[in-house]
Amino acid sequence: MILQYFYQFLYSYQQNIRILIIFYIIFINKLFFQKLRYLFQYILLLVLMVQLAHCADLKYTQDPEALCLDGTPGSYYLQAGSDTGANKWIIFFQGGGWIGGSNVESTKNSAKSRSQGDLGSSKNIQPTANKGGMFSRSASANPAFYNWNYIYVNYCDGTGHQGYAKDPIIVGGTNIYFRGEKIVKSILTTHLAQLQNAASVLVSGCSAGGLAAFTWTQYVRELLPQSVKVFSAPDSGIFLDYATYDGSITYKNTYQLNFMQLANVEVDPPNAKCVADNQGEKWKCLFSQYLIKYTDTPIFFVQSPYDSWCIPNILKLNCGSDGTLTKCDEKQRQFIENHYNVMKLVMDGRIEQSKVDGAFAPSCLQHCFLEGGNFNNGVFNVPGGSGNTISKTMQDWINNPNSTKDTHIDSVNWPNNQQCSRVTMDTFLQQEIEE
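Worth saying up front: this structure is predicted, and the values here are computed from it rather than measured. (Residues numbered from 1 in each chain as written. Predicted model: local features only at pLDDT ≥ 70, side-chain atom pairs only at ≥ 80, totals over all residues. Heavy atoms only, no water.)

(A) Spatial organisation of the environment of Ile390. For Ile390, the location among the structural elements is in helix α14 (residues 390-399). The spatial distance from the C-alpha of Ile390 to the C-alpha of Gly133 is 9.9 Å, given a sequence separation of 257 residues. In this view, Ile390 contacts Phe360, Phe369, Leu370, Asn374, Phe375 and Phe380; residues no more than four positions away in its chain are not counted. (Helix = DSSP H or I, 4+ residues; strand = E, 2+ residues; numbered from the N terminus. Contact = heavy atoms within 4.5 Å.)

(B) Structural context of the pattern of salt bridges. One pass over the full model with this rule turns up 11 salt bridges. For Lys392, the salt bridge is made with Asp396, and the minimal N-O distance between the two is 3.3 Å. In this pair, Lys392 and Asp396 are both assigned in helix α14, 4 residues apart and thus about one turn of the helix distant. The class of Lys392 is partly exposed, set by a relative accessible area of 36%. Overall, Asp396 belongs to the partly exposed group, its relative accessible area being 31%. Residues Lys405 and Asp406 are paired through a salt bridge, measuring 2.8 Å at the closest nitrogen-oxygen approach. (Salt bridge = Lys/Arg side-chain N within 4 Å of Asp/Glu carboxyl O. Buried < 20%, exposed > 50% of the residue type's maximum accessible area, 1.4 Å probe, protein only.)

(C) Expanded view of helix α13 (residues 330-352). Taking 1.5 Å per residue, 23 residues should reach 33 Å; α13 reaches 32 Å between its end C-alpha atoms and fits that length. Where α13 is buried, its residues contact α11 (288-291), β10 (300-302), α12 (310-313), β11 (358-361), α15 (403-406) and β12 (407-409). Sitting at the amino-terminal end of α13 is Asp329, which places a side-chain oxygen 3.1 Å from the backbone nitrogen of Lys331. (Expected span 1.5 Å × (residues − 1). Polar contact = N/O pair within 3.5 Å; in protein donor to acceptor, adjacent residues only side chain to side chain.)

(D) Quick peek at helix α7 (residues 208-223). The end-to-end C-alpha separation of α7 is 22 Å, in line with the 22 Å expected for 16 residues at 1.5 Å each. Approximately 40° is the largest bend angle found in α7, and it occurs at Trp216. Extensive coverage of α7 is indicated by the burial of 13 of its 16 residues. (Bend = angle between axes of the 7 residues up to and from the residue.)

(E) Main features of the packing of aromatic side chains. For the coordinates displayed, the defined rule picks out 26 aromatic pairs. Where Phe92 meets Phe135, the ring centres are 5.0 Å apart and the plane angle is 85°; that geometry is what we call edge-to-face. Within this pair, whereas Phe92 is found in strand β3 (residues 88-93), its partner Phe135 is found in the loop between β4 (128-129) and β5 (149-153), the two being separated by 43 residues in sequence. Pair check on accessibility: Phe92 and Phe135 agree, each one buried. Their ring planes at 50° and their centres at 4.6 Å tell us that Phe135 and Tyr150 sit as a pair that is tilted. Taken together, the positions of Phe135 in the loop between β4 and β5 and Tyr150 in strand β5 put the pair 15 residues apart, joining distant regions of the chain. Accessibility assignment for this pair places Phe135 and Tyr150 in one class, buried. Within the aromatic cluster, the residues linked to one another by ring pairs are Trp98, Phe239, Tyr251, Tyr255, Trp283, Phe287, Tyr290 and Trp309. (Phe/Tyr/Trp six-rings, centres within 6.5 Å; stacked < 30°, edge-to-face > 60°.)

Shape is all these values report; function is a separate question.
Written out as structure tokens, the structure is:
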């Protein structure tokens, strides 16, 4: 029993490594018992070794055309699976918004600015990554996916992990490349033999990466034999084609309609069925509310209907900046509730037509759940207080997809899921720091 708890301690390294180091600095160096000090140093070394063993390794794309905005190669993190997860795969798209502006020229400037940072370049990327949440290697914290292989696609193209232009554009003397499609296809090609022989492949991502999961799932389904079970679990990837509260420029006109003029002249969005049905409105194939009609795989929606990114950036309302809606007046609140209702309709409409979809949708202000502490956080339950965390509900769904048992969409409005409605933005930020 003691050994069991010790191993659990080792595998929960993300928090414990910090505790051990702090404890060592403060207390152990002050101890006069040399043998005790050596024992603690051995434990610390062992925990560090476990941590390093569970880091994902950086890989670069093999296609010379698969480039970030600044012309550096695309990249991804690869973590090998083991035991029962050795032939199961997660393909996860990193989030991080899009290039955009009030017109195409300002979008070009946005691309140049983005090319100078980590979301537009791979030149400063770390050689290893230690991901938490659904990537945790702890069987107790992440029973569904702890031993799966995962490909974590780093985001550096600025147009939603898709798009292609053969020639770079020049902005202020700087070459800017649009090669998102090449990056994704290069990664898929590199691992195609493994994916074709997999038992299961889960396509996921957070935020802009969640939308990319919606965008690429059908392509992955058609790429692989029917013997491979393909699932989709987009996290916070529903960005509605919706009006703004103040009547200003919409999300669609800020992002998709601008960056598609740069990245989607030579290629279409990846979902060919959607493109075929929307020849005059191909932008719809970069919106989840339209894409899900053309997706033939089980979908597990991970989405707050009160998405904390959508409220300020799509609705253009800042009254929820503290993680609550207490500062919103009646008119603002009603506008948010209308958006909430449409968000739920998008999920409900798909789930009602499917026997294998599912959802985790708490009525609280949050954006992204799968990568960090929120994945297994008891604060986020649907319904509130039920014990149905994201980790638990996703495990139930992936093992036996069934819309009746796997749909966890809050039946109450904010703030009636009291466990998470009282969580403030400061608490969210603290959780991110701790992770």
